[in-house]
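Breakdown of the fold
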Amino acid sequence: MVQRLEKCGINAEGRPVVFCVMDGVGVFKEGPGNAFWLAKPENILKFIEEAKQNKLYREIYAHGEYVGLTDGDMGNSEVGHNALGSGNIYTQGARLVIESMREGTFWNTQQWKDMVVDTIKAGKTVHLFGLLSSGNVHSHIDQQIMIIQKVVECGGKRIRFHPLLDGRDVAPDSGLEFIAQLEEALAKARDAGCDACIASGGGRMHLVMDRYNAEWSMVERGFNQIVHGVVDPADIKDGYKGYYTTAKEAIEEGRRLFPTLLDQYAPGFVIVDAEGKPVGKLEEGDVVINTNFRGDRALEISNTFDQGAEFDKFDRAAHGPFPAVKYAGMLQYDSDLGIPKTYLVPPPSISDVMSEYTCELGIKSFAIAETHKYGHVTFFWNGNRLGYINKALEKYVEIPSEPSDMIEANPAMKAKEVTDELVAAIEAGEFDYYRVNYANGDMVGHTGSVPAAVEAVKTVDESLGRLWEAVKAKGGILVVTADHGNCEEVLDGKGKPKTSHTTNPVPFWIMDAKYDGKYTVNQDIDGGLANCAATTMNLLGYEKPEGYMQSLIDY
Ligand SMILES: O=C(O)[C@@H](CO)OP(=O)(O)O
Ligand SMILES: [Mn+2]
Ligand SMILES: [Mn+2]
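No experiment lies behind these values; they were computed from the predicted model shown. (Residues numbered from 1 in each chain as written. Chains lettered and ligands numbered in written order. Predicted model: local features only at pLDDT ≥ 70, side-chain atom pairs only at ≥ 80, totals over all residues. Heavy atoms only, no water.)

1. Focus on the site of ligand 1
Going by this rule: Whether a residue is near a molecule or strand depends on its heavy atoms: it is near if one of them lies within 4 Å of it. Any pair of nitrogen or oxygen atoms within 3.5 Å is treated as a polar contact; in protein, a donor-acceptor pairing is required on top of that, and neighbouring residues in sequence qualify only through side-chain atoms on both sides. In this description, accessible areas are obtained by the Shrake-Rupley approach with a 1.4 Å probe, and a residue is regarded as covered only by the protein chains that are shown. Each residue is assigned to one class: nonpolar for Ala, Val, Leu, Ile, Met, Phe, Trp, Tyr, Cys and Pro, charged for Asp, Glu, Lys and Arg, and polar for all the others, Gly among them.
Around ligand 1, the surrounding shell holds 17 residues, and the nearest of these are Ser77, His138, Asp169, Arg211 and Arg297. A distance of 3.4 Å separates an oxygen atom of ligand 1 from a polar side-chain atom of His446. Protein chains shield 100% of the accessible area of ligand 1, which is 310 Å² for the free molecule. Considering only residue class, the shell around ligand 1 consists of one nonpolar, seven polar and nine charged.

So this is what it looks like as structure tokens:
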């Protein structure tokens, strides 16, 4: 139970406070790939100018050690929203896993023994699946290769790997480089007497890694490949066969036949032997390890493997019986609900999140985003916990998104609908504190399309204009920032599409309809996303919670 906070003197009237995350909008110099400057967002530029005059603007950091990653790592939504919602920096999965592997704890746990060592002893197969890249947002190839090596060291005789192509946290067409690295590690395993190979694969935005219940068909496609060795018949078209003898051949053929599809959307494939039989179907007693450490896109597939008869998303036995296998996650993705049941590294335990304070104080809060970011302002915000902290005091609203492959054609996404709903809630005045995430800068930034990203920024700009009118009419306070960069760099140094996040700082500013000069933004502290929670508590009228990082305002 968190402590009750004292009043701090700011906003004694209890005017509404709105916290807005422009997902993926960082600060970077003007240039041909900077969608922010190309869009010339009229409202935002005016707001920033005013905030600067009031000493209510600064940049803050959203990458590396500022969000619990390793210095130099780009930021991402999970770690960013964790920091925003918890007021602290927690060492995150990316680091917890590699540190545990390097110091050796990883290989000495009961879970490693139960999942891997015992499977090997029983003469069964170790299956690994996950995002194959060095992005370090959901996974890291170094960790995957270390697991392969260790399985071999432990006497493993059979490994099957089911890689998902990335192209979203790394260069959009870098998939084959990582496949080559994986093939090298598997060849070494074979040299050491272990029958190891790739068994199935495809793009991460096409298979397995759905989030927030947006497109369960992605999970179904991935599951059927991994478990049953069956490719979705809808993927088999225009000459693409779906069944190949090597991953390289499958990926190259996919690229040749569908030249506009980026790696992240690559069609599914299953590797077959000379007789056309899948090389890596799951068998009873095998273990399957999800090598991703990040939760949002790992929850659905984990439930698919873990749940019993209550599972109702699709028929797991449509292509043959679902064998009794063991399943483990690299991390536990939701420790409140215990998903998955078995995991190799304990997750960061994020405690005393800001929502617990607001609920303790009786502050009524409202959170909204479209599906792609819905869990960001709820699950990630509350320290990776699904559901409400106190339903009587909170309302979480999800505006249904379109599938992610429609984003480039419709960069406005559901921003208007999100704003409509948010503005209506502000006008109705039932809540004290509102938070919103606009997905556009990030989701459109991930397409690597400059014109689409420019439209995305314009959409966010328009939405912020409407939002401020509503906040102003209520005499409220609007705080705007971003969780990491993306759309401010949609081209790389060579002018090629860049689909990943960035390490750039993000803007931070406050607009107060009744600003009286009694507080200003501190320019001197080494500020990052984790400083925002104390700041928001101050603006809601309360002192900084004990143990939270410093507030960004002086008063
Ligand atoms: O789409 C995602 O899963 C990540 C990129 O891998 O983006 P974000 O952190 O913004 O959610
Ligand atoms: Mn984000
Ligand atoms: Mn993103």
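And the narrative resumes.
2. Describing helix H9 (residues 247-257)
This is how the line gets drawn: With a 1.4 Å probe rolled over the protein chains alone, any residue whose accessible area is under 20% of its type maximum counts as buried; one over 50% counts as exposed, and the rest are partly exposed. In DSSP terms, a helix is any run of H or I states spanning at least four residues, a strand is any run of E spanning at least two, and both are numbered starting from the N terminus. The directions from the helix axis to the C-beta atoms are what the arc is built from. Should any heavy atoms of two residues lie within 4.5 Å, those residues are considered in contact.
All buried positions along H9 are accounted for by Ala247, Ala250, Ile251, Glu253 and Gly254. The arc that holds the buried residues of H9, viewed along the axis, is 165 degrees, so those residues lie on one side. Tucked into the core, H9 has its buried residues touching strand E4 (158-165), helix H7 (175-191), strand E5 (195-198), strand E7 (243-244) and strand E8 (269-271).

3. Observations concerning the pairing of strand E10 (residues 326-331)
Operational definition: Two strands are counted as paired when DSSP detects at least two bridges linking them. A crossover counts as right-handed when, viewed with the strands pointing away from the observer, the path leading from the first strand over the helix to the second turns clockwise.
Of all six residues that make up E10, five are buried, and the element is covered over most of its length. Across four bridges, the pairing between strand E9 (residues 287-290) and E10 is parallel. Looking across to E10, one finds that Val288 is bridged to Tyr327. Read from E9 through helix H10 (residues 299-306) to E10, the crossover connection turns out right-handed.

4. Some points on the UniProt feature "active site" (unreviewed entry) in the protein
The condition is simple: UniProt positions are given in the numbering used here, feature names are shortened, and annotations may be inferred rather than shown by experiment.
As annotated by UniProt and renumbered to match this structure, "active site" (unreviewed entry) occupies Ser77. Relative to the assigned elements, Ser77 resides in helix H3 (residues 77-86). Once residues lying within four places of it in the same chain are set aside, the contact partners of Ser77 are Asp23, Asn82, Arg294, Lys373, His376, Phe380, Asp483, His484 and His501. Side-chain polar atoms of Ser77 contact the side chain of His376, separated by 3.1 Å.

5. Remarks on the UniProt feature "domain: Metalloenzyme" (unreviewed entry) in the protein
Here the UniProt-annotated "domain: Metalloenzyme" (unreviewed entry) positions come out as residues 16-543. Taken as a whole, residues 16-543 contains 34% helix and 16% strand, while its terminal C-alpha atoms sit 17 Å from one another.

6. With respect to the coordination of the manganese ion (ligand 2)
Six octahedrally arranged donors around a metal ideally form angles of 90 or 180 degrees; four tetrahedrally arranged donors ideally form angles of 109.5 degrees. Here is the rule we go by: The donor set covers N, O and S atoms within 2.8 Å of the metal, switching to 3.2 Å for Na, K and Ca, and it leaves out water, so a site may look short of donors.
Protein coordination of the manganese ion (ligand 2) is provided by Asp23 (OD), Ser77 (OG), Asp483 (OD) and His484 (NE2), with donor distances spanning 1.9 to 2.1 Å. Here the donor residues for the manganese ion (ligand 2) map to a single chain with the spacing D-x53-S-x405-D-H. For the pair the manganese ion (ligand 2) and the manganese ion (ligand 3), the metal-to-metal distance amounts to 4.4 Å. Placement of the pair is Asp23 in the loop between strand E1 (17-22) and helix H1 (35-39) and His484 in the loop between strand E15 (477-481) and strand E16 (506-512), with a sequence separation of 461 residues. His484 carries the same exposure label as Asp23, and that label is buried.

7. Some remarks on the side chain of Lys498
As a reminder, the rule being used: When charges are counted, Lys and Arg are positive and Asp and Glu negative, with His and the chain ends excluded. By definition, a salt bridge exists where a carboxyl oxygen of Asp or Glu is found within 4 Å of a side-chain nitrogen of Lys or Arg.
Along the chain, Lys498 turns up in the loop between E15 and E16. In this structure, Lys498 is buried with no salt-bridge partner, the nearest side chain bearing the opposite charge being Glu489 at 4.6 Å. One polar contact links Lys498 to Ser500, side chain to side chain, over a distance of 3.4 Å. In this structure, Lys498 is in contact with Gly445, Gly448, Glu489, Val490, Leu491 and Asp492, ignoring residues within four places of it in sequence.

8. What about the state of the cysteines?
What counts here: Here, two cysteine sulfur atoms that lie within 2.5 Å of each other are counted as a disulfide.
Applying the stated criterion across every chain yields a total of zero disulfides. Left without a disulfide partner, Cys359 is nearest to the cysteine sulfur of Cys8, which lies 19 Å away. For Cys359, a relative accessible area of 10% gives the class buried. The thiol of Cys532 is unpaired, and the distance to the nearest cysteine sulfur, on Cys20, comes to 12 Å.

9. Describing the nonpolar core
Here is the rule we go by: Only buried residues count toward a nonpolar core. Its members are Ala, Val, Leu, Ile, Met, Phe, Trp, Tyr and Cys residues joined through side-chain atoms within 4.5 Å. Residue ranges for the domains originate in an automatic or database domain assignment.
With 151 residues, the main nonpolar core has Phe106, Leu467, Trp509 and Ile510 as its most contacted residues. Per-element accounting of this core gives the leading share, twelve residues, to helix H16 (residues 450-473). Among the domains, domain 1 (17-92 + 350-554) and domain 2 (100-345) are the pair contributing at least three residues each to this core. Filtering out sequence-adjacent residues up to four positions away, Trp509 remains in contact with Met22, Ile44, Phe47, Ile48, Ala51, Leu56, Tyr57, Leu464, Leu478, Val479 and Val480. If you look at the next biggest cluster of nonpolar residues, it comprises 18 residues, including Leu131, Leu207, Val219 and Phe305.

10. Points about the coordination of the manganese ion (ligand 3)
Rules: Each label reflects the angles at the metal, where four donors whose angles all fall between 85 and 135 degrees are tetrahedral, four or six donors whose opposite pairs open beyond 155 degrees and whose other angles stay between 65 and 115 are square planar or octahedral respectively, and the rest are irregular.
The manganese ion (ligand 3) binds to the protein through Asp442 (OD), Asp442 (OD), His446 (NE2) and His501 (NE2); the donor distances cover 2.1 to 2.3 Å. Between the six donor atoms coordinating the manganese ion (ligand 3), the angles at the centre fall across 57 to 168 degrees, so the site counts as irregular. Mapped onto the sequence, the donors of the manganese ion (ligand 3) take the spacing D-x3-H-x54-H. The class for His501 is buried, based on a relative accessible area of 5%.

11. Here we look at the domain arrangement of the protein
Where we set the bar: Put simply, buried area is how much 1.4 Å-probe accessible surface two parts lose in total, over both of them, once they are put together.
According to the domain assignment, the protein consists of domain 1 (17-92 + 350-554) and domain 2 (100-345). Taking only C-alpha atoms, the centre of domain 1 and the centre of domain 2 are 33 Å apart. Surface buried jointly by domain 1 and domain 2 totals about 2000 Å² across both partners, of which 53% is contributed by carbon and sulfur atoms. Taken together, the connections running from domain 1 to domain 2 amount to one salt bridge. Residues Asp173 and Lys496 are paired through a salt bridge, measuring 3.9 Å at the closest nitrogen-oxygen approach. Between domain 1 and domain 2 we count eight residue pairs in polar contact (both at pLDDT 80 or more) in total. Within the residue set of the side of domain 1 that touches domain 2, elements represented by two or more residues are H3, helix H12 (371-374) and helix H13 (376-380). Broken down by element, the residue count for the side of domain 1 that touches domain 2 peaks at four residues, all from H12.

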